[in-house]
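For reference, the chains in residue letters:
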Amino acid sequence: MTNFLTAYLVEVERRTIRIVTIDPGNILAEIRRHIGCELIDMVRIDRNHCIVVDDNGLTDELSCFTELKDYGSPLAGNLLIIGTDAAGETISPTHPIEDIAAMLMIRYPVLSPEFEMLRGPTIFGSRVSRLSVKLLGVVPTVLTEERAH
């Protein structure tokens with residue numbers, strides 16, 4: 001019988017983070033399946049945790065991205081947080097999912113219309129004169145088992 005590992009999956013479009021299971025006998029395929037890409041890269045959070053990211057994620061058009069506290073570059077696509085042991089092997093994360101979620105900020109653009117008033121002898125009203133873009137951010141919502149589906 002295989003002892004499954006756990007990991008934390010950040011689904012950026014849904015702005016959520018949840019616990020997923022990984023078959024240790026097929027780790028690379030499981031990671032690729034969860035984040036939805038072929039080429040992966042690792043970003044170290046601390047000595048015992050890494051974020052697995054799409055290595056080409058920043059080359060695509062982005063509807064949102066994730067910032068990791070104290071890390072200078074945005075992370076694109078879904079993210080998988082794994083634990084690592086002293087030998088560098090993949091293990092289940094040791095930090096609670098809430099602590100990991102608090103380190104992340106999912107950023108997404110929102111269009112805000114700006115209006116101008118129309119006044120004239122036969123016209124009265126307003127119209128959109130321009131759109132500005134705001135970049136909003138949220139910490140991913142932690143989904144429990146029953147809310148994950």
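Quick caveat: nothing in here was measured; it's all calculated off a predicted structure. (Residues numbered from 1 in each chain as written. Predicted model: local features only at pLDDT ≥ 70, side-chain atom pairs only at ≥ 80, totals over all residues. Heavy atoms only, no water.)

J.: Sorry, what's going on with a nonpolar patch on the surface here?
T.: Taken together, the side chains of Leu111, Phe115, Val128, Leu131 and Val133 define a hydrophobic patch exposed on the protein surface, amounting to about 520 Å² of accessible area. Residue assignment for the nonpolar patch shows that the elements contributing at least two residues are strand 8 (104–119) and strand 9 (124–138). For the nonpolar patch, the element with the most residues is strand 9, which contributes three residues. In this fold, Leu131 is placed in strand 9. (Patch = residues over 30% accessible without salt bridge, like charges linked within 9 Å, V, L, I, M, F, W, Y side chains within 5 Å. Areas by Shrake-Rupley, 256 points an atom, 1.4 Å probe, with all protein chains shown as cover. Salt bridge = Lys/Arg side-chain N within 4 Å of Asp/Glu carboxyl O. Helix = DSSP H or I, 4+ residues; strand = E, 2+ residues; numbered from the N terminus.)

J.: Sorry, what's going on with the UniProt feature "domain: DUF3846" (unreviewed entry) in the chain here?
T.: Look at the UniProt record and you will see "domain: DUF3846" (unreviewed entry) annotated at residues 6–102. In the segment residues 6–102, helix accounts for 15% and strand for 39%; the C-alpha atoms at its two ends are 19 Å apart. (UniProt positions renumbered as here; feature names shortened; annotations may be inferred.)

J.: Would you mind showing me how to read the sheet that holds strand 9 here?
T.: Within a sheet, each strand pairs with its neighbour through backbone hydrogen bonds, oriented either parallel or antiparallel. Here three strands make up an open sheet; going across it, the order is 5-8-9 and the pairing antiparallel. Lying at the two open borders of the sheet, with one neighbouring strand each, are strand 5 (65–68) and strand 9. When strand polarity is set aside, the average angle formed by the axes of neighbouring strands in this sheet is 35°. (Pairing = 2+ DSSP bridges. Axes fitted to C-alpha atoms, helices over the stretch in contact; angles between N-to-C directions.)

J.: Any chance you could explain the nonpolar core here in plain terms?
T.: In summary, soluble globular proteins display a tendency toward joint burial of nonpolar side chains. Counting residues in each nonpolar core, the largest one holds 19 residues, and the members touching the most others are Val10, Ile17, Ile51, Leu68, Leu75, Ile81 and Ile100. The set of elements that each furnish at least two residues to this core consists of strand 1 (5–11), strand 3 (40–46), strand 4 (49–54), strand 6 (79–84), helix 2 (97–102) and strand 8. Setting aside residues no more than four positions away along its own chain, Ile100 makes contact with Tyr8, Ile17, Ile45, Ile81 and His95. Grouped together as the second largest cluster of nonpolar side chains are 12 residues, Leu5, Leu9, Cys37 and Ile82 included. (Core = buried A, V, L, I, M, F, W, Y, C linked by side-chain atoms within 4.5 Å. Buried < 20%, exposed > 50% of the residue type's maximum accessible area, 1.4 Å probe, protein only. Contact = heavy atoms within 4.5 Å.)

J.: Where do I start with helix 1 (residues 27–35) in this structure?
T.: An α-helical turn contains 3.6 residues, so a residue and the one three or four places further along point in the same direction. Along helix 1, the residues that are buried comprise Glu30, Ile31, His34 and Ile35. Mapping the buried residues of helix 1 onto a view down its axis gives an arc of 115°, with all of them on the same face. Those residues of helix 1 that are buried are in contact with strand 1, strand 2 (16–22), strand 3, strand 4 and strand 6. Positive phi shows up at Gly36, right after helix 1, with a value of about 80°. (Arc of directions from axis to C-beta.)

J.: I'm lost on the layout of surface pockets in this one. Help?
T.: In this approach a probe as big as a water molecule rolls over the atoms, and the regions it shows empty are the leftover space. When its volume is computed, the largest pocket comes out at roughly 160 Å³. Every residue lining the largest pocket is counted, 13 residues in all, and those nearest its centre are Asp41, Val53, Asp54, Leu58 and Leu75. Mapped onto the lining of the largest pocket, the elements with two or more residues apiece are strand 3 and strand 4. (1 Å grid on protein atoms, 1.4 Å probe; cavity = no way out; pocket = protein on both sides within 12 Å on 5 of 7 lines; lining within 4 Å. Points joined across faces, edges and corners; volume = space filled by probe spheres on them.)

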